[in-house]
Amino acid sequence: MNLIEWISKPWPWWVAGPLIGLVVPVLLIMGNKTFGVSSSLRHICAACFPANISFFKYNWKKEAWNLFFVTGIFAGGIVTAIWLKNPNPIQINPALVNELQQNGVSDFAGLMPTDLFNWHSLLTIKGIMLTVVGGFLVGFGTRYAGGCTSGHAIMGISNLQWPSLVATCCFMAGGFIMANLILPFILKL
Amino acid sequence: METIIEKSRLPEMNTDFEVRSLDTASLNESELQHPWWYNLKYFAAGILFGIILVKAEIISWFRIQEMFRLQSFHMYGVIGSAIVVGIISIWIIKRFKIKTIYGEPIVLRSKKFHKGQIYGGVLFGLGWAITGACPGPLFAQIGAGFTVVTITLLSAIGGTWVYGKIREKLPH
């Protein structure tokens, strides 16, 4: 089995997790940068639509490294889709498949269900809930919390910051509420 | 020590300190000025991070649903082991006073608690379970070919903007 074939298989958590953990020291040693992705959204606001809002009046160019980093994440997605694509359908817990089928989801082949996330259903109520409302909550919530999974859960807890642990518990609480109590109703829309 | 750092930073910052202390994620603690192409190394780091996000299926909407239904250990394993490696790395950096490749001392700031971490945290969690993506995976999902996620990303930028607009009225 050649290397590309080996890399193309889905990576187990004990490979991916430690590699993600290493992003923390790599960014610090490269130039004192703290790991975090959601700040890029703020820098984009500051660069493109500051609108005289004090929260967006700062020297975003100094934080341009973060925009290079997220552009890299985007490029990494392209690289993987072209050269390292997993040839097999992804493995999903049968209980989840069963539940989603009852809620009208039928595409389980890829990383996202394309029957929920596609351009045609974007302007339906369900499409708007899944993309526009979901995205808004991600952007608003991460900035209100002062970080996301990378900035709080990984960087913050790694630096033993208890506020980051609080934030991470709240991320999980929100996720559990949505996935179990609210999402089934959204999927039935 | 902290006050010395604060003072040395004063001249170049045009933002208020409150914003900066509330919002400590992913800041640039370096005082050095470099040409733009020095940032290309962060682009390279981003590519590797993006590949990990896709290959470990962290960008998968299904993996996120499994996580929030306790149907798979995968995401807990990823985040948990990342934290363990992060803790050890930061301990080593502090213990041996490791410097950056440019010889600057590495600065790690404390995060102050505020209520936004609770309210904002829950709101983000709700969005995470809908979109199946936290901000990093949003970029990777688009790159991996799920182009409609561009709308999710634009909406996330909009959400950040609205937060900036109304943040004085929100409890912190």
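Because the structure is a prediction, the values reported are computed rather than measured. (Residues numbered from 1 in each chain as written. Chains lettered and ligands numbered in written order. Predicted model: local features only at pLDDT ≥ 70, side-chain atom pairs only at ≥ 80, totals over all residues. Heavy atoms only, no water.)

### Side note on the pattern of salt bridges
Close approach of charged atoms allows side chains of opposite charge to pair. A complete count under the given rule lists four salt bridges over all chains for this structure. Note that Glu99(A) is salt-bridged to Arg69(B), the shortest N-O span being 2.8 Å. Taken together, the residues span two chains, with Glu99(A) in helix H5 (residues 94-102) and Arg69(B) in the loop between helix H4 (61-68) and helix H5 (74-95). Residue class for Glu99(A) comes out partly exposed when judged on its relative accessible area of 22%. (Salt bridge = Lys/Arg side-chain N within 4 Å of Asp/Glu carboxyl O. Helix = DSSP H or I, 4+ residues; strand = E, 2+ residues; numbered from the N terminus. Buried < 20%, exposed > 50% of the residue type's maximum accessible area, 1.4 Å probe, protein only.)

### Points about the nonpolar core
Grouped together as the largest cluster of nonpolar side chains are 98 residues, with contacts concentrated most on Ile20(A), Phe35(A), Phe69(A), Ile73(A), Phe49(B) and Trp128(B). Residue contributions to this core peak at eight residues, all from helix H8 (residues 162-188) of chain A. (Core = buried A, V, L, I, M, F, W, Y, C linked by side-chain atoms within 4.5 Å.)

### As for the domain arrangement of chain A
Residue and element names in this part refer to chain A. Its domain assignment divides chain A into domain 1 (1-85) and domain 2 (92-189). The straight-line distance from the C-alpha centre of domain 1 to that of domain 2 is 19 Å. In this complex, domain 1 contributes twelve residues to the contact, which on the side of domain 2 involves nine residues. Of all residues in domain 1, Val24, Phe35 and Ser38 give up the largest surface area on contact with domain 2, accounting jointly for 51% of the area buried on that side. At the boundary of domain 1 and domain 2, one finds two residue pairs in polar contact (both at pLDDT 80 or more). At the level of secondary structure, the elements contributing two or more residues to the side of domain 1 that touches domain 2 comprise helix H2 (13-31) and helix H3 (39-48). Split into classes, the residues belonging to the side of domain 1 that touches domain 2 amount to seven nonpolar, four polar and one charged. (Domains from an automatic or database assignment. Contact = heavy atoms within 4.5 Å. Buried area = accessible area lost by both parts, 1.4 Å probe. Polar contact = N/O pair within 3.5 Å; in protein donor to acceptor, adjacent residues only side chain to side chain. Nonpolar A, V, L, I, M, F, W, Y, C, P; charged D, E, K, R; others polar.)

### Observations regarding the side chain of Asn159(A)
With respect to the element layout, Asn159(A) can be found in the loop between helix H7 (149-158) and H8. For Asn159(A), a relative accessible area of 7% translates into the label buried. With residues up to four places along the chain from it excluded, the contact list for Asn159(A) reads Ile90(B), Lys94(B), Leu108(B) and Arg109(B).

### Here we look at the interface of chain A and chain B
A common way to express how large an interface is: the accessible area buried when the components associate. Contacts between the two partners involve 136 residues from chain A, matched on the other side by 128 residues from chain B. Here chain A meets chain B over a buried area of about 11400 Å², counting both sides, of which 73% is carbon and sulfur. Area buried by chain A at its contact with chain B is led by Asn32(A), Leu111(A) and Tyr144(A), which between them contribute 8% of it. In this assembly, chain A and chain B are joined by one salt bridge. The residue makeup of the side of chain A that touches chain B, split by class, is 82 nonpolar, 44 polar and ten charged.

### Description of the environment of Ile92(B)
Mapped onto the elements, Ile92(B) comes out in helix H5. Since its relative accessible area comes to 32%, Ile92(B) is described here as partly exposed.

### A word on helix H4 (residues 64-83) of chain A
For H4(A), with 20 residues, the first-to-last C-alpha span of 28 Å sits near the 28 Å given by 1.5 Å per residue. Restricting attention to buried positions, one finds in H4(A) the residues Ala64(A), Trp65(A), Asn66(A), Leu67(A), Phe69(A), Val70(A), Gly72(A), Ile73(A), Ala75(A), Gly76(A), Gly77(A) and Thr80(A). Residues of H4(A) that are buried sit in contact with H2 and H3 of chain A together with helix H3 (40-55) and helix H7 (135-143) of chain B. (Expected span 1.5 Å × (residues − 1).)

### What about a nonpolar patch on the surface?
Side chains of Val84(B), Ile88(B), Trp91(B), Ile92(B) and Phe96(B) sit close together on the surface and give an oily, nonpolar patch of about 510 Å² of accessible area. Among the secondary structure elements, Val84(B) is positioned in helix H5. (Patch = residues over 30% accessible without salt bridge, like charges linked within 9 Å, V, L, I, M, F, W, Y side chains within 5 Å. Areas by Shrake-Rupley, 256 points an atom, 1.4 Å probe, with all protein chains shown as cover.)

### Concerning the side chain of Ser8(A)
Here Ser8(A) shows up in helix H1 (residues 3-8). A polar side-chain atom of Ser8(A) sits 2.6 Å from the main-chain carbonyl oxygen of Ile4(A). What Ser8(A) contacts, discounting residues up to four positions off in sequence, is Trp83(A), Leu84(A), Lys85(A), Asn86(A) and Lys55(B).

### What to know about the packing of H7(A) against H5(B)
One can describe the packing of H7(A) onto H5(B) by two numbers: an axis separation of 7 Å at closest approach and a directional angle of 45°. Classified by the angle between their axes, H7(A) and H5(B) sit oblique to one another. Crossing hand, H7(A) versus H5(B): right-handed. From H7(A), Thr149(A), Ala153(A), Ile154(A), Met155(A), Ile157(A) and Ser158(A) reach across to H5(B), where they touch Ile79(B), Ala82(B), Ile83(B), Gly86(B), Ile87(B) and Ile90(B). Class assignment of the residues belonging to the contact of H7(A) with H5(B) gives a composition of nine nonpolar, three polar and no charged. (Axes fitted to C-alpha atoms, helices over the stretch in contact; angles between N-to-C directions. Parallel < 35°, antiparallel > 145°, perpendicular 65-115°, else oblique. Left-handed = near helix turned anticlockwise from the far one by under 90°.)

### Remarks on the environment of Ile58(B)
The residue Ile58(B) is located in the loop between H3 and H4 in this model. Between the alpha carbons of Ile58(B) and Val122(B) there is a distance of 20 Å; along the sequence they are 64 residues apart. Excluding its chain neighbours within four sequence positions, the residues that come into contact with Ile58(B) are Ile20(A), Ile52(B), Leu53(B), Ile64(B), Met75(B), Val78(B), Gly132(B) and Pro137(B).

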